[in-house]
Amino acid sequence: MEETRHVLPVNSVAEFELVKAKNAIEQFIYSCSHTMRGPLKSIAGLVYLLKNSRESPDVDPGYYLHSIETTVIKLEHVLNDLEQFLTNSSKEISTRPVDVKALINDVLDDFRGLIDEQQIEVVVTVKQLVPLYTEQSSLRIILSHLISNAIVYQDIEKKNKVLNIYLKADTFTCIIHVKDNGIGMSDAVQSNIFRLFYRGSEKSTGSGVGLYIAHELITKMEGSIAVSSEPGKGSCFSVSIPNLSV
């Protein structure tokens, strides 16, 4: 018996993609509005308290100014992440051979201060059997968000903090594992971790955009990402992207 396949006409496919894009934009705008409203309300409240603190000589205005500055910095992080997301969403994928070791070391240098401060042992294993052809800037952003996540969610109670980065590239595929022995995640958090603006822990100081951006870039590269984690035992993010050399 022959298999019956239902193929949408070209116009129907185009309309479907248009509706899908429109829904994504609407959700994106709503999420942006919801996320930025909180910091703006905090700033407005702090300004009100600062204005009224003049009548209270015991109140230090510097405390409110510091809180306003901290909130503004958080809001800037949100806007920077959103700008990065929009830029990479519209950019075409261009491939070239990537020096994987140099790229990983370059990303780690961005976090060297935090790594040294938290005394995290970093173990990098690269098995590059052939040249890896991929979009270098996208791969850099993906690694940056995954490494940042592993640093933020380290367990301060553990004496030995470890971050393992493993990458293997063969003719067809590049496999990446970013593993930590941090605080880990529950199943409920894991099921939401790639949602826009989702923050699964009180330790999160970011905008909740990083892993969403990583997921979107990996999808655009026709790859996949998965997370395996257990509370108290750390997390491992596994990425697979195609090697576009063939």
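Here's a quick rundown of the structure.

Rules used in this analysis
Residues numbered from 1 in each chain as written. Predicted model: local features only at pLDDT ≥ 70, side-chain atom pairs only at ≥ 80, totals over all residues. Heavy atoms only, no water. Phe/Tyr/Trp six-rings, centres within 6.5 Å; stacked < 30°, edge-to-face > 60°. Helix = DSSP H or I, 4+ residues; strand = E, 2+ residues; numbered from the N terminus. Buried < 20%, exposed > 50% of the residue type's maximum accessible area, 1.4 Å probe, protein only. Pairing = 2+ DSSP bridges. Axes fitted to C-alpha atoms, helices over the stretch in contact; angles between N-to-C directions.

**Some details on the packing of aromatic side chains**
- Here the structure, examined in full by the defined rule, presents one aromatic pair.
- With 6.2 Å between their ring centres and 80° between their planes, Phe-194 and Phe-237 make a pair best called edge-to-face. In this pair, Phe-194 sits in the loop between α6 (187-190) and α7 (210-220) while Phe-237 sits in strand β7 (residues 234-242), placing the two residues 43 residues apart along the sequence.
- Since its relative accessible area comes to 1%, Phe-237 is described here as buried.

**Describing the sheet that holds strand β4 (residues 161-169)**
- Taken in spatial order, the five strands line up as β2-β4-β5-β7-β6 in an open sheet, and their pairing is mixed. The outermost strands of the open sheet, each flanked by one partner alone, are β2 (120-128) and β6 (224-230). Strand-to-strand twist in this sheet, taken as the mean axis angle between neighbours without regard to direction, amounts to 10°.
- Taken together, the seven bridges between strand β5 (residues 173-180) and β7 define a ladder with antiparallel strand orientation.

**Structural notes on unusual backbone geometry**
- Even without being a glycine, Gln-119 presents a positive backbone phi close to 55°.
- Structurally, the position occupied by Gln-119 is in the loop between α4 (112-117) and β2.
- Residue Gln-119 is classed as exposed on the basis of its relative accessible area of 64%.

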